[in-house]
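# Structural features, examined
Spelled out from the first residue to the last, the chains are:
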Amino acid sequence: MRDVQSDPELQDLVRRFVMPDRRYLRLGGSVFRLSPVERSAFVRDLAQAAYEITPAELGVLFEGGWRERKTAAWLVAVAHRSEFRELIGRLLLASEGPYAGAAYCVALAKFGTAADAELLSAYLDHYLSRPDLDYDQAIVLGTLLYLDESLGSEYTTRFLAPAGPWDRWLEVRAVAALDPYDCRQAVQQLCAFVDETAEVFASLACES
């Protein structure tokens, strides 16, 4: 992992793409608390960033900390850069830090293929066997529910079967977990926001 404190290249990318208007904090549910004027400006600036950043620069951001990785995943989702699918899947499975998992899920949801569902399933196969770890299990399962709905698939069936992996994970936990069906709705809303931003991104591409 590259350290922003000692890496001039990463520092420059953070200044240009991560920090403006506290972008890394607003990406996610916080976007829905923006006023209409703030949201319009945020969408425009996010689309511009997704248009300007290069694949090599995205690769550098993905080597940084959670702020950089979270932002990179959103920029990838807006630009639909599915060439980052496998990297995002590896980062999700590695779970090296907090806060970026939901952004990875949004990117995979927007790619929207069976390959993305397989990456989410691999995560659940691993982490639903770890009730001691409260990571991104619920949001990943919610994303898989979203993909099942859009693909007409049944990837979640084995995870949500009575006395199946999800029930067993919940059974031994000391605290309540998020409802994956609520998470599916959240992912749907976040994907709609990506679509809104992607329309602006497409207009920028047409103007070039």
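First, a word on what this report is: a plain description of the structure on this page. Everything quoted here is computed from the prediction, not taken from an experiment.

So, how was this worked out
Residues numbered from 1 in each chain as written. Predicted model: local features only at pLDDT ≥ 70, side-chain atom pairs only at ≥ 80, totals over all residues. Heavy atoms only, no water. Salt bridge = Lys/Arg side-chain N within 4 Å of Asp/Glu carboxyl O. Helix = DSSP H or I, 4+ residues; strand = E, 2+ residues; numbered from the N terminus. Expected span 1.5 Å × (residues − 1). Buried < 20%, exposed > 50% of the residue type's maximum accessible area, 1.4 Å probe, protein only. Arc of directions from axis to C-beta. Contact = heavy atoms within 4.5 Å. Core = buried A, V, L, I, M, F, W, Y, C linked by side-chain atoms within 4.5 Å.

In total, this model carries 16 salt bridges according to the counting rule given. A salt bridge links D195 to K110, with the nearest nitrogen and oxygen atoms 2.6 Å apart. Of this pair, D195 sits in helix 12 (residues 180-207) while K110 sits in helix 7 (residues 101-111), placing them 85 residues apart in sequence. For the salt bridge of D132 with R130, the shortest nitrogen-to-oxygen distance reads 2.6 Å. Salt bridges sharing common partners tie together R2, D7, E9 and E63.

Spanning 17 residues, helix 3 (residues 36-52) covers 24 Å between terminal C-alpha atoms, matching the ideal 24 Å at 1.5 Å per step. Where helix 3 is concerned, the buried positions are F42, V43, L46, A47, A49 and A50. Along the axis of helix 3, the buried residues cluster in a sector spanning 160°; they form a single face. Check the buried side of helix 3 and you find it contacts helix 1 (8-18), helix 2 (23-26), helix 5 (66-79) and helix 12.

Attention shifts here to the nonpolar core. Nonpolar side chains tend toward joint burial in soluble globular proteins. Counting 68 residues, the largest nonpolar core has F62 and I88 as the members making the most contacts within it. Here this core gets nine residues from one element, more than from any other, and that element is helix 5. If we ignore the near neighbours within four places in the chain, the residues touching F62 are R69, A72, A73, V76, F84, L87, I88, L91 and Y104.

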